[in-house]
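Structural overview for review
Single-letter residue listing:
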Amino acid sequence: MESILLATDGSEYARAAAKHAVELSAAEDLPLYVISVVDERRFNEPALSSTELATIFAEDHATMTIADVRELADGTGVNIEGDTRHGIPHEVILDYAREVGAKTIVLGEHGEHEEHFSGVGRKVAEAADCECVVVEGPQKA
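Here the structure is a predicted model, which means the values were calculated and not measured.

Reading guide: rules and limits
- Residues numbered from 1 in each chain as written.
- Predicted model: local features only at pLDDT ≥ 70, side-chain atom pairs only at ≥ 80, totals over all residues.
- Heavy atoms only, no water.
- Pairing = 2+ DSSP bridges.
- Helix = DSSP H or I, 4+ residues; strand = E, 2+ residues; numbered from the N terminus.
- Axes fitted to C-alpha atoms, helices over the stretch in contact; angles between N-to-C directions.
- Contact = heavy atoms within 4.5 Å.
- Buried < 20%, exposed > 50% of the residue type's maximum accessible area, 1.4 Å probe, protein only.

1. Examining the sheet that holds strand 1 (residues 3–7)
Judged by pairing direction, the sheet is parallel, and its 5 strands sit side by side in the order 3-2-1-4-5 without closing on themselves. The open sheet has two edge strands, strand 3 (80–87) and strand 5 (131–135), and neither has a second partner. Averaged over all pairs of adjacent strands, the angle between strand axes in this sheet comes to 25°, irrespective of strand direction. Bridging between strand 2 (residues 32–39) and strand 3 involves 8 bridges; their strand directions are parallel. Residue pairing across strands places Leu32 opposite Ile80, the latter belonging to strand 3. Across the sheet, helix 3 (residues 89–99) is in contact with strand 1, strand 2, strand 3 and strand 4 (102–108); its angle to strand 2 comes to roughly 155°.

2. Re helix 3
Buried within helix 3 we find Pro89, His90, Val92, Ile93, Leu94, Tyr96 and Ala97. For helix 3, the secondary structure elements touched by its buried residues are strand 1, strand 2, strand 3, strand 4 and helix 4 (120–127). Taken from the residues just after helix 3, Gly101 is the one with a positive phi, measuring 65°.

3. Some thoughts on unusual backbone geometry
At Asp29, a residue that is not glycine, the phi angle is positive and equals roughly 55°. The exposed category is assigned to Asp29, whose relative accessible area is 69%.

Listed below in structure tokens is the structure:
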């Protein structure tokens with residue numbers, strides 16, 4: 001079964017991508033999967049230290065970004081499944097896209113992973129077996 005996959009990190013660019021992904025899912029009548037990745041290069045597995053607190057914060061942030069997408073889609077009829085995973089963002093996104101049969105991957109142009117489109121988005125777009133849509137951030141007035 002085909003689906004739409006949104007990769008989100010909660011940034012303003014990811015929020016713009018979320019709006020696009022919800023609209024695309026509704027228009028194509030496809031389920032929307034949402035993935036938020038806790039970057040293992042920045043947040044390794046905790047060991048009862050300050051790293052543990054940072055990892056817990058990153059996990060909570062990832063969970064909240066998925067909840068934000070669910071709220072955004074409320075009333076649209078779009079079926080949303082979300083997941084938070086640990087790993088290297090572009091690798092996790094690509095693996096999850098294959099897992100959920102993504103027809104399209106939607107990403108924000110920039111993100112919170114300290115890598116802009118030349119990083120995570122570029123790597124996903126270059127290696128994906130499906131269409132990738134990179135959404136620019138909200139237009140400034």
